[in-house]
Amino acid sequence: MPKTAIIPKSSLTNADLAELLARQSETAQMPAQKALRRASRRALFWSEEAADLLKQGRELTELTAVGPYLKKLIERWIEDPPAIPERPAIRHGFLTLTEARAILSGKPSWLRGIKGDLQMHTNWSDGEGTIEEMANAAVARKYEYIAITDHAKGLKIAGGIDEKQVRRQAVEIETTNEKLRADGHEFSVLHSIELNLNPCGEGDMDERCLGELDLVLGCFHSSLRIKEDQTERYLAALRNPSIQILGHPRGRIYNYRLGLTADWSRVFECAAQLDKAVEIDGYPDRQDLNVNLLRLAKEAGCRISLGTDSHGPTQLGFMEYSAAAALKAGIPRSRILNFMTTEEVTSWAESVRSGRKVNAPFISARRAPKNSLRPTICE
C-alpha cells in the first residue's frame, strides 16, 4: 500500500532543519549526537526540500544521512514545526543547495556564463581524481579551463607536494592538455597550487617554483581559532608577491570552526589596490566568503575568484554555491575571474606578478585613502 503523504502545517526549509538538527545534537548522546551533526551538515547538500518529499508521499530516507531515527524526528518537526532559534555565528550565512538553485534560477545565464573553476585537488595531494578525470568533468560542464591547486608541501596532513613534485605534475598537466587538444577540445588545465601561508603571510614553497605556475592561490591553514583581529595577517598575505588569489579567507567550517575575524573593508580595499582576488570557496561546508562579506568586497571593488575546492570530479557541481553567493551579493561579472577567458585569466595573473594592472579596479565611494593601509606586523 502506498504511503499517505504527510501534509506539513508549515514549510520548514532545509536550512531550518539543518539548524534544528544541530541544536538537537547539542543535548544528544552518542551515537545519536554524531548522526544529528552529520545530518545537519548534509542538509546543506540536499537537492530537494524535505517538506516537499513528504508532500509527495516519498520517504525522507532518500536524503543522505537520514535513517529511520532521523526520519521520524524530521517528520515530527515538519508536522508540528517548532520555533527556529537564531543561528549562531558558527552556522550563520550558509546557503543550502535548494537556496542556491533558487537564487540561480532567477538568472539562468549567470551559471552558464562561468568559464572555469579556480580551485580543486587531485590525487597528487588529497583529492580522489586524476588531473585528466577532473579535466574531463570540466569539459562535460562546457568549461574552458580549470586550475589544479593541489596543496603545497607545508600541509603534510593533506598530502602537500614539494617543488620536485610540482615540476613532475607540470609534465602530467601538459600531457593532459595535449590529449584534450588532440580530442578536439579547446580547453586548458592551468597549473596552480594552494600555497600554505603562515600567520605572517609567507608561503611554504620556493618563489622560483611559484613563478613557473599559471597562478597561485594562497590560504591560511594554521592558527585559525584565534579570536583577536587578524587584519594585519591578511594585509601581509595580500602583499606577498607570489600569490594572486586569497583562498577561503576566513577559514571557517560549518558547525566546527568559526574562522578568523578582521577589518574586512580594509582587507578588501587592499586587495583592490593590488588588483588581487579574494575567493568564494564553494565547498558546502566552507562557503567562504559568504554573502555578507561579499557585499563589502563589492563595495571595495576587488576581484572575486570562484572555486569549488573539489576533491573529486563530481564535486565540480559545488560551483552552484559559489555562483549563487556572488549573484546574491550583486558582484558584477566584470569583477569575477571565472567569467574571463583562459587568456584573460593568465594575463591578469601575470600582470599582478609584475605589478601592472589589466584594468584599473572599480573605485567605490567608500575607498579608503592610500595611507589607511598601514604597514603589516610582519614587515
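Note: the structure precedes this text.
Residues numbered from 1 in each chain as written. Predicted model: local features only at pLDDT ≥ 70, side-chain atom pairs only at ≥ 80, totals over all residues. Heavy atoms only, no water.

A. Layout of the overall build of the chain. Across its full length, the chain carries 14 helices and eight strands. Taken over C-alpha atoms, the radius of gyration comes to 22 Å for the chain, in line with the 21 Å a tight globule of 379 residues would show. Projected onto its principal axes, the C-alpha coordinates of the chain cover approximately 70 × 50 × 40 Å. The buried share of the chain, reckoned over its 379 residues, is 56%. (Helix = DSSP H or I, 4+ residues; strand = E, 2+ residues; numbered from the N terminus. Rg over C-alpha atoms; globule rule 2.2 N^0.38 Å. Buried < 20%, exposed > 50% of the residue type's maximum accessible area, 1.4 Å probe, protein only.)

B. Representation of the pattern of salt bridges within the structure. Under the definition given, this model contains 19 salt bridges. With its nearest N and O atoms 3.2 Å apart, the salt bridge here joins R87 to D16. With R87 in the loop between α4 (68-79) and α5 (97-105) and D16 in helix α1 (residues 14-25), the pair connects residues that are 71 residues apart, well separated along the chain. Under the relative-accessibility criterion, R87 is labelled partly exposed at 26%. The class for D16 is buried, based on a relative accessible area of 15%. Residue R266 is joined to E232 by a salt bridge in which the shortest nitrogen-to-oxygen separation is 3.5 Å. Taken together, the positions of R266 in helix α11 (residues 264-274) and E232 in helix α10 (residues 231-238) put the pair 34 residues apart, joining distant regions of the chain. (Salt bridge = Lys/Arg side-chain N within 4 Å of Asp/Glu carboxyl O.)

C. Structural detail: helix α8 (residues 163-182). Taking 1.5 Å as the rise per residue, α8 with 20 residues should run 28 Å; its terminal C-alpha atoms sit 29 Å apart, in good agreement. Of the positions making up α8, those classed as buried are E163, V166, Q169, I173, T176, N177 and L180. On an axial view of α8, the arc spanned by its buried residues comes to 110 degrees, and they lie on one face. Projecting away from the buried face of α8 at angles above 90 degrees are the exposed residues K164, V171 and A182. Buried residues in α8 make contact with α7 (131-140), β2 (145-148), β3 (188-191) and α9 (207-210). The backbone nitrogen of K164 has a side-chain oxygen 3.2 Å away, supplied by the residue at the start of α8, namely D162. Just downstream of α8 lies G184, where phi reads positive at about 90 degrees. (Expected span 1.5 Å × (residues − 1). Arc of directions from axis to C-beta. Contact = heavy atoms within 4.5 Å. Polar contact = N/O pair within 3.5 Å; in protein donor to acceptor, adjacent residues only side chain to side chain.)

D. Geometry of the packing of aromatic side chains. Inspection of the entire model under this criterion finds eight aromatic pairs. Aromatic side chains F94 and Y254 sit 5.1 Å apart centroid to centroid with 85 degrees between the ring planes, which places their arrangement in the edge-to-face category. Of the two residues, F94 sits in the loop between α4 and α5 while Y254 sits in the loop between β6 (245-246) and α11, which places them 160 residues apart along the sequence. In this pair, the class of F94 matches that of Y254, namely buried. Ring geometry for W110 and F339: centres 5.0 Å apart, planes at 65 degrees, overall edge-to-face. Taken as a pair, W110 in helix α6 (residues 108-112) and F339 in the loop between α13 (319-329) and α14 (342-354) lie far apart in primary sequence, 229 residues in all. No difference in accessibility class separates W110 from F339, as the two residues are buried. Through a chain of ring-to-ring contacts, three or more aromatic side chains come together here, namely F45, Y283, F318 and Y321. The ring of Y256 carries the charged tip of R225 above its face, separated from the ring centre by 4.9 Å. Lying across the ring of F220, R233 places its NZ or CZ 4.8 Å from the centre. (Phe/Tyr/Trp six-rings, centres within 6.5 Å; stacked < 30°, edge-to-face > 60°. Lys NZ or Arg CZ within 6 Å of the ring centre and 35° of its normal.)

By themselves these figures say nothing about function.
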